[in-house]
Structures are given as structure tokens and as C-alpha cells.
Amino acid sequence: MISVQQALEQVLGLAHPVASELIPIAEAVGRVLAEPAVSRITQPPFDASAMDGYAVRTADMDQPLTVIGEAAAGRPWNGQAAPGTAVRIFTGAAVPPGYDRVVMQEHVVRDGNRVRITDRSSGANIRKAGDDFQQSDRFAPARRLTASDIGLLAAMNIPVVAVAKRPRVAILAGGDELVAPGTQPLPGQIVSSNDLAIAALVRDAGADPLVLPIARDTEESLRAGFAAASGADLLVTIGGASVGDHDLVGKVAADLGLQRAFYKIAMRPGKPLMAGRLADMPMIGLPGNPVSAMVCGLLFVEPLIAAMQGLRPVHKLAKARLAVEMQAEGDRQHYLRATLEDGEDLPLIRPFSSQDSARLSLMAQADALLVRLPNDPPRRAGDIVSFLPLRG
Ligand SMILES: Nc1nc2c(c(=O)[nH]1)N[C@H]1C(S)=C(S)[C@@H](COP(=O)(O)OP(=O)(O)OC[C@H]3O[C@@H](n4cnc5c(N)ncnc54)[C@H](O)[C@@H]3O)O[C@H]1N2
Ligand code: MOO
Ligand SMILES: [Mg+2]
């Protein structure tokens, strides 16, 4: 069995980049720039006041000053600076040439059109032209665009950006026991949850899910499902990945020409994960246990979607202190569902006492996946461990 890290590298190796498209920045949050954005303007475009107060000359600060004009945001003052004068100014206004400081209004006493400075302690309070960014500056974050990024693109006067297209991800869940949510299950049946959970994960990752009808546990039904996925950028199957007589995903994929990258990894949950390429289309076969499917979705499907959009994703781990003691690990890397609490220096992490890979309610309650390496020795409460956060 290969390691989680080797499996991630192989999965990322399946990615080929999707095409790009032009979209308005109002729709671009969560998308990945396909080419650097180039600022059309300099920001601030002029020396701007950072305070409401008076524009003055530093040389004049010891004497009473005569207020000779007013500058507000969007309403510049076009007069001339002169010794012994000040200009009433507001935050965001252009500082008239000749003045080199803005004194905030709390630091002056005003009497008619005269002001006297009572406190010289604050700085110049001027934002220099170009302090933030310059025309032609390039912006190319190697991640999905955030709300701040959208603000920056707007400030750069870039209304439309080239982004990677949303990958189209076909999702094929299979199982004779499965019925759609909203259906009354008959004896022996259960409601299918994995397909919708993985569709939500896919959408969250910046791709468009195509949820195919649930396949039956027959080769014929699975083949029809695989055929319906053709044209997608990625196929994710769920279930039927193990070794039982009715676990047929691997066989059908092989018959259809899957170039398999791997099957089975040293991971818990998620051992029967498979990945490969069907003609040009990457395929990931997730195990059917609902928690296994989610954990493998987070660890492999999400990064693959990021890679298809041109990113180089990694599993971003954080540190916490164990709230409880733990036994030695087996030979698979273990991702334990856990909650986080405030701690003194680091957060405290508390794994659930049940780690059954069928218990979706615990997966939904978990704040984090506590990561333990294969053959990790016993751990004591207070030991520092790694975790993968589950929520932003
Ligand atoms: N002899 C062995 N048996 C199993 C092994 C093994 O190594 N040797 N591995 C176990 C592990 S680990 C996992 S994980 C599962 C993987 O099973 P499959 O991928 O074959 O999945 P299924 O058998 O189809 O289903 C497993 C379980 O999950 C439920 N399920 C499936 N699909 C859905 C869905 N869309 N929504 C909700 N629940 C779903 C299904 O009803 C089963 O209960 O294999 C172990 N066995
Ligand atoms: O890997 Mo299975 O995913 O342990 O339940
Ligand atoms: Mg099975």
C-alpha cells in the first residue's frame, strides 16, 4: 500500500489544466486567475489625507495658521499653499501641493478662520501616491480568489479577469441498497448521502458537480454510469471499491481501460481508494463508507480540483495539544474525527471515542481531523499533534 503523500502526488499527477474564460470580477470569488492581473492605475492616485483635520507645513506648526481653503474627498482644493496657512481637509482628500502634514482636528483649537496646533505627536497622516500599488503592478495569487482579492482587482480598475473554467465533475454513487433522499426506504434500503455530500464538496472546491443516477451493483449498470460521465473533466465514483462480490467499480473501470495509478492506500479511513485515468479523464474511486468518502474527498478530490485549476495544493496541517491520551497506531495514517477547544498556547484537540467510518453525525460535528502517522507511538494528554482543520 502506498502512503497518503505518495497517493496525493499521484492524484495531482492526473490533473490536466482546464481551459480559461473571462468573467466579471463580481463573479470571481473562489475562482483561480488563469493569468496575472495587471493594474490599470496607481493607488492612491494622489497624496491623500489619512485624517479629518488641517493640511499644514511642518515649518509652520509653532504659529497660529489662517485657514484658506477646504479639500474633501472627490473635491480637491486648487489653490496655492503659502507660509502661515492651513487648508481644512478631510480623510481621502488630495493633499494640496506645498503642505507636507495633516494635523488631526482633535489636535488643534480653531477660532474663526484661525487654528493653533496643540499636539504635534501624530505623524504626517498622508498616504503617498502609489503607496498601495502602482500602475502595471501584477497580481497573481497562487490560490482561489478571496473577497479581499476581489476588492483589490476592483481597486486596480480591472472589471473582468481570465480564470480557470470550473471543472465539470461527474459523481457516480452505486449500491443496490441506495434510494434518493425524500424516498421512503424499504426493508434493507438506506438513503444515499455520499453523492450529495461529495457534490457539495466539489461545488465548494470551485467545480460544477454532475450527480449521475445511482448505479446498481451490476457491471451493466456501472458501465452505463461510466458512459454517462464521458465528457466530464473528472469522474468520482463512490462505493463498490472494496473486495466484496458486489464491489464492481474496479473491475468495470479496468474493463473500460482504466490506467490505474493505485488501489489501496495506507490510510484510515479510506484504505480502498483508487485512482487512475480513463482515456483522458482522471477518475477517483472513493470508498462507500460515508466518512471514508468524505475524508478521501477532502484529502484527494479537493486538491485534484485545485490542481485542475492550475494550483499546487498541499494538505495544510496545524498544531494542537491532545486533550486525552492515545494508544499506538497501526500501519495506516489515521485521520481521526475530533473537536477543537481553546487551549493555553495551542488549541486542545479531542478525538471522538468512536471512529466508525459509517458515523456521519460525528463527521458533521468534527472541527478537525487529527492526523497520526503510521506506527505513531502512544501519546499522552498534552502532547503536540497535527490536525487538518475542517472549517475555515
Ligand atoms: N474483507 C474486507 N472488507 C472490507 C474491507 C477490507 O479491507 N476487506 N475494507 C472495508 C473498508 S475500510 C471500507 S471503507 C469499505 C469500502 O466499501 P465499498 O467502497 O466497497 O463500499 P460499499 O460496499 O458499496 O459500501 C460500504 C458501506 O457504505 C454505505 N454506502 C455506500 N454508498 C453509500 C451512499 N451513496 N450513501 C450512503 N451510504 C453509502 C453502504 O451501504 C455500506 O454500508 O469496505 C470495507 N470492507
Ligand atoms: O477505510 Mo474504511 O475507509 O476504514 O472505513
Ligand atoms: Mg463493498
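Keep in mind the model is a prediction, meaning the values are calculated, not measured.

**Overview of the overall build of the protein chain**
Within the protein chain one finds seven helices and 26 strands. Taking 2.2 N^0.38 as the reference for a compact globule, 392 residues should give roughly 21 Å; the C-alpha atoms of the protein chain span a radius of gyration of 30 Å, well beyond that estimate. When its C-alpha atoms are laid out on the principal axes, the protein chain stretches across 95 × 50 × 40 Å. Going through the 392 residues of the protein chain one by one, you find that 47% of them count as buried. Put simply, of all contacts in the protein chain between residues at least 6 apart along the chain, 70% involve residues at least 24 apart. Accessible surface, the protein chain as shown: approximately 19000 Å² in total, 50% of it carbon and sulfur. Looking at the protein chain, you have 39 positive and 42 negative side-chain charges, and the mean spots of the two groups are 2 Å apart.

**Focus on the coordination of the magnesium ion (ligand 3)**
Looking at the metal site, the magnesium ion (ligand 3) is ligated by Asp247 (OD) and Asp247 (OD), spaced 2.3 to 2.5 Å from it. Inspection of the secondary structure assignment puts Asp247 in the loop between strand E17 (234-238) and helix H5 (249-255).

**Observations concerning the confidence of the model for the protein chain**
Averaged over every residue, the pLDDT of the protein chain is 98; residues scoring 70 or more account for 100%. In the predicted assembly, ipTM is 0.98 and pTM is 0.93.

**Describing the site of ligand 2**
Surrounding ligand 2, one finds Pro269, Gly270, Lys271, Pro272, Asn289, Ser292, Arg332 and Ser357. Asn289 places a polar side-chain atom, nitrogen or oxygen, 3.1 Å from an oxygen atom of ligand 2. Within the side chain of Ser357, a nitrogen or oxygen atom sits 2.4 Å from an oxygen atom of ligand 2.

**Thoughts on the environment of Pro185**
Here Pro185 shows up in the loop between strand E14 (178-179) and strand E15 (190-191). Put simply, Pro185 and Arg380 are 195 residues apart on the chain and 45 Å apart in space, counted from C-alpha to C-alpha. Beyond its immediate chain neighbours, meaning those up to four positions away, Pro185 contacts Val179 and Val191.

**Quick notes on the nonpolar core**
One finds Leu234, Met267, Ile284, Leu286, Phe300 and Val301 to be the most contacted residues of the largest nonpolar core, which totals 44 residues. Among the elements of the structure, helix H1 (4-13), strand E13 (168-173), helix H3 (194-204), E17, strand E21 (281-286), helix H6 (290-308) and strand E25 (368-372) are those that each provide at least two residues to this core. Residue contributions to this core peak at twelve residues, all from H6. Counting the residues that make up this core, at least three belong to each of domain 1 (4-17 + 165-308) and domain 4 (318-389). Filtering out sequence-adjacent residues up to four positions away, Phe300 remains in contact with Val4, Ala7, Leu8, Val11, Ile265, Met267, Leu273 and Ile284.

**Examining the site of ligand 1**
The immediate surroundings of ligand 1 are formed by 21 residues, with Glu177, Ser193, Ser242, Lys271 and Gly288 found nearest. Within the contact set of ligand 1, a nitrogen atom lies 3.1 Å away from a side-chain nitrogen or oxygen of Ser192. Residue Gly288 places a main-chain N or O atom 2.9 Å away from an oxygen atom belonging to ligand 1. Burial of ligand 1 by the surrounding chains reaches 69%, relative to a free accessible area of 870 Å². The set of elements that each furnish at least two residues to the shell around ligand 1 consists of E15 and H6. Classifying every residue of the shell around ligand 1 by side-chain character gives nine nonpolar, nine polar and three charged.

**Here's the deal with the sheet that holds E21**
The six strands are arranged E16-E13-E17-E21-E20-E18 in an open sheet whose pairing can be described as mixed. Across the chains shown, the open sheet's two edge strands, defined by having one partner strand only, are strand E16 (208-211) and strand E18 (259-263). Here the average twist between neighbouring strands, direction ignored, is 20°. When E13 meets E16, the two strands line up parallel, connected through four bridges. Along E16, the bridge assignment pairs Val169 with Pro209. Along the sheet face, helix H4 (residues 219-228) touches E13, E17, strand E20 (274-278) and E21 and points at about 170° away from the line of E13. Each of E13, E17 and E21 is contacted by H6, which is oriented at about 165° to E21, the strand it contacts most.

**Details of the UniProt feature "domain: MoaB/Mog" (unreviewed entry) in the protein chain**
When the UniProt feature table is mapped onto this chain numbering, "domain: MoaB/Mog" (unreviewed entry) sits at residues 170-307. Counted over residues 170-307, helix gives 33% and strand 25%. Its end C-alpha atoms are 17 Å apart.

**Description of the side chain of Asp195**
As for its placement among the helices and strands, Asp195 is situated in helix H3. We note that Asp195 is buried and unpaired, the nearest opposite charge coming from Arg216 at a distance of 9.1 Å.

**Points about H3**
Residue pairs three or four apart in sequence face the same way in an α-helix, which turns once every 3.6 residues. When we look at burial in H3, the residues that qualify are Asn194, Asp195, Ile198, Ala199, Leu201 and Val202. Axial view of H3: buried residues confined to an arc of 160°, hence all on one face. Away from the buried face of H3 by more than 90 degrees, exposed residues Arg203 and Asp204 are located. At its buried positions, H3 is contacted by E13, E16, E17, E21 and H6. Just downstream of H3 lies Gly206, where phi reads positive at about 100°.

**Looking at the domain arrangement of the protein chain**
With domains assigned, the protein chain is organised as domain 1 (4-17 + 165-308), domain 2 (20-40 + 137-164), domain 3 (48-127) and domain 4 (318-389). The C-alpha-based centres of domain 2 and domain 3 are spaced at 37 Å.

**Things to note about the sheet that holds strand E4 (residues 53-56)**
The six strands lie next to each other as E7-E4-E6-E5-E9-E8, forming an open sheet whose pairing is mixed. With one partner strand each, in any of the chains shown, strand E7 (101-104) and strand E8 (108-111) form the two edges of the open sheet. For this sheet, the mean angle separating the axes of adjacent strands, direction not counted, is 40°. Direction of pairing for E8 relative to strand E9 (residues 114-117): antiparallel, over a ladder of four bridges. The partner of Arg110 across the bridge, within E9, is Val115.

About the thresholds
- Residues numbered from 1 in each chain as written.
- Chains lettered and ligands numbered in written order.
- Predicted model: local features only at pLDDT ≥ 70, side-chain atom pairs only at ≥ 80, totals over all residues.
- Heavy atoms only, no water.
- Helix = DSSP H or I, 4+ residues; strand = E, 2+ residues; numbered from the N terminus.
- Rg over C-alpha atoms; globule rule 2.2 N^0.38 Å.
- Buried < 20%, exposed > 50% of the residue type's maximum accessible area, 1.4 Å probe, protein only.
- Contact = heavy atoms within 4.5 Å.
- Areas by Shrake-Rupley, 256 points an atom, 1.4 Å probe, with all protein chains shown as cover.
- Lys, Arg positive; Asp, Glu negative; His and termini not counted.
- Charge placed at Lys NZ, Arg CZ, Asp CG, Glu CD.
- Donors = N, O, S within 2.8 Å, 3.2 Å for Na, K, Ca; no water.
- pLDDT = per-residue confidence, 0-100.
- Near = heavy atom within 4 Å.
- Polar contact = N/O pair within 3.5 Å; in protein donor to acceptor, adjacent residues only side chain to side chain.
- Core = buried A, V, L, I, M, F, W, Y, C linked by side-chain atoms within 4.5 Å.
- Domains from an automatic or database assignment.
- Nonpolar A, V, L, I, M, F, W, Y, C, P; charged D, E, K, R; others polar.
- Pairing = 2+ DSSP bridges.
- Axes fitted to C-alpha atoms, helices over the stretch in contact; angles between N-to-C directions.
- UniProt positions renumbered as here; feature names shortened; annotations may be inferred.
- Salt bridge = Lys/Arg side-chain N within 4 Å of Asp/Glu carboxyl O.
- Arc of directions from axis to C-beta.

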